[in-house]
Every structure is written in C-alpha cells, then in structure tokens.
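Structural overview for review
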Amino acid sequence: MSSLKGKIITVVGSGLIGRSWAMVFLSGGYMVKIYDNKPGQASGAITEIRKQIEELQQANMLRGNLTAAEQLSLLSSHDDLQQALEGAFFVQECVFEDLEAKQTVFHEVENLVTESVILSSSTSCLMPSNMFSRVQNRTRCIISHPVNPPYYVRLVELVPHPETLPAVMDVAYSLMTDVGQAPVRLRKEIDGFALNRVQYAIIAESWRLVQDGVISVKDIDLVMSEGLGMRYAFIGPIETMHLNAPEGMVDYLQRYSQGMKRVLNTFGPVPDFSGEPAARIIKEICELIPAEQEHLTARRERRDQLLMG
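All chains use their own residue numbering, which begins from 1 and follows the written sequence. Side-chain atom pairs in this predicted model are given and counted only at pLDDT of 80 or more, local residue features only at pLDDT of at least 70, and totals for whole chains, interfaces and linings cover all residues. Only hydrogens and water are removed before side-chain values are computed, so all heavy atoms of the structure are retained for them.

If you check an unreviewed UniProt entry, the protein chain appears there as L-gulonate 3-dehydrogenase from Cyprinus carpio carpio. Taken directly from UniProt, the Subcellular location (unreviewed entry) text for the protein chain runs: "Cytoplasm". UniProt positions are given in the numbering used here, feature names are shortened, and annotations may be inferred rather than shown by experiment.

Now the structure itself:
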C-alpha cells in the first residue's frame, strides 16, 4: 500500500461518520476530499475536523505520524461531486442509512469515475446486493462498515457484493490496515453482517432475562461490563473456548457442548421490544439513572478513556 500514499480518497457525506472517516484517512497520510450535496455542509465539516484534530494533538492522542497541520493540509471540501471525485482511487460513502439514497449516490458516482475506482459504503445493515443494485460494474463494490466512532473503535467489517473481485477486498483490507483500522473480511454477505448479529444476540438474551424477571437492568449490564466485556476486550469467543479447557477446543467441546446446547434450547423467541415489557424496562432505567448518576458519569469517563487510549 505504500504506493498509494498521498493518493486521493473521496468521502461522500459530511456527517459524523463521514468526518470520522476523513480523520482516519488523513491520519494515514492520504489526501481527502469531503463532499456533501448541501451547500456549505462540507466546509462546515472541515471546521469541525480541524477543531477535533487540533484538540487531539494537544492531548497527545493524534493518530498517525503527521502533525495536525500536515494532516489538515491534505483535506479539502467540495459542493460539486465531479470535482470531489477527480483523482480518487477509493470512494467512501457516508450518507444517511436509507437504501434509495445510497443507491442514488452510487449511481451518480459510477458515472463520474473510471472503472478502477473502488466504491465503498459505510452502511451498518444494508445488504451489498441491494445497495449496489443500480451500479453497472459491481466487481469493484464493497461495504466497509465501521464501528462508531471509527477514529477510536478500529474494527471495520469488509463485506463483499457477490460479484466483488478478490483484488478489491485485498485493496480495501490493505488500506484499512494502513490507516490503523482493524479490518475483518466477511466471506459472503449476510443480513446484519457479523458485528450486529453478535450484538443483537446479546441484546436479545439480555432483554429476555430482564423481561422474565431473572435479573435487573443494572445487573445484566454488569454481567457484560465487569464480566464478559472484560474478557472479550482481549480475546474473542472462539479463542476463549480454546483457552478455557486444558487440551484446547477439542477438550472444550467434549466438556461443555452438551451444556451449551441444553441452555441454548431454553432461549425464548425474539423480543418485539415494545409493549408492557419495554415500558417496564424503560421505567427501571429511568429510576436507575438518578440514583446512579455519579457512578454512571465515572463509567462514561472510563469508557471514553478506553476508546481514546
């Protein structure tokens, strides 16, 4: 990827995710053109990016090897899409989460760039086969789904369209690695990708346990923040299985697979997150917040330190 240093990346959309992506790419030494179809929005985004980058430098938390001034010199704003796309080798779309809006963006972008330009979307849940349905050459299309905020949480899910070329995945993977992100490759598209599927599974069972009167809101959150979360901050679930038995994964499955299946078979249906259970859980949260305000404030500060550390 060293040959790409100094090349241009166009960020389409100047909201929170677009600004964060711009900062990530700048930290890696790439020229970034940020575009928004609302006049003045892109230039306003630069003002906000400048403020954040300068504050990060003052706090000794600026990513990359370039100074704030050097990074900002690589950034420009554009109200004209064609001008914003000139010279770009990679386009990162960051408009709001609406299928038709994103399809329109990629239809417009494709008509203004060469065949070699990679078209990437930040969508968190829209399937690539739907997202890129209006693109003629889908071999260069990919989802690069970040975790919000991308500047501090480095995971990026790379999700291919069924027609995406392996070389496109390789370039996206190298780019994300080069700018300090932690990319993971999905081998095929699936609704919700990987992160949200795991996240929703945790949310659903946590909700069921509270809904069924097994545990309180406060305590189920502690199960994650002081239990599983502490473990999973260092190793993932599959590695945990391998390390939690003396003889590794084979031993773990011999010891625990029957118990896992028994417990999993007791899981209830998918919650609808509404009605009386939702009202009861919301009430419990509202009652918890005033009593735990100091504790919650401290936890937010700890969270922010971890994210930015």
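A pair of strands is treated as paired once DSSP finds two or more bridges between them. Helix and strand definitions here come from DSSP, where helices need a minimum of 4 consecutive H or I residues and strands a minimum of 2 consecutive E residues; each element is numbered from the N-terminal end. Taking strand neighbours across the sheet as the criterion, the eight strands line up as E3-E2-E1-E4-E5-E6-E7-E8 in an open arrangement whose pairing is mixed. Looking at which strands have only one partner, the edges of the open sheet turn out to be strand E3 (75–78) and strand E8 (182–185). The sheet shows a mean angle of 25° between the axes of neighbouring strands, taken without regard to direction. With five bridges joining them, strand E1 (residues 8–12) and strand E2 (residues 31–35) adopt parallel strand pairing. The residue of E2 that forms the bridge with Val 11 is Ile 34. Every axis in this analysis is a line fitted to C-alpha atoms, fitted for helices over the stretch in contact. Angles between the N-to-C directions lie between 0 and 180 degrees.

Moving on to the pairing of strand E5 (residues 118–121). Each residue is assigned to one of three classes by its accessible area relative to the maximum for its type, calculated with a 1.4 Å probe on protein chains only: buried under 20%, partly exposed between the two thresholds, exposed over 50%. Judged by which residues are buried, E5 turns out to be covered on both faces: Ile 118 and Ser 120 on one side and Leu 119 and Ser 121 on the other are all buried. Bridge count between strand E4 (residues 88–93) and E5: four bridges; the pairing is parallel. Paired with Val 91 across the strands is Leu 119, a residue of E5. Note on handedness: a crossover is taken as right-handed if, strands pointing away from the viewer, the path from the first strand over the helix to the second is clockwise. Once you follow E4 into helix H5 (residues 99–110) and on to E5, the crossover reads as right-handed. As paired elements, E5 and strand E6 (residues 141–146) share three bridges and run parallel to each other. In the sheet register, Leu 119 faces E6, and the bridge partner there is Cys 141.

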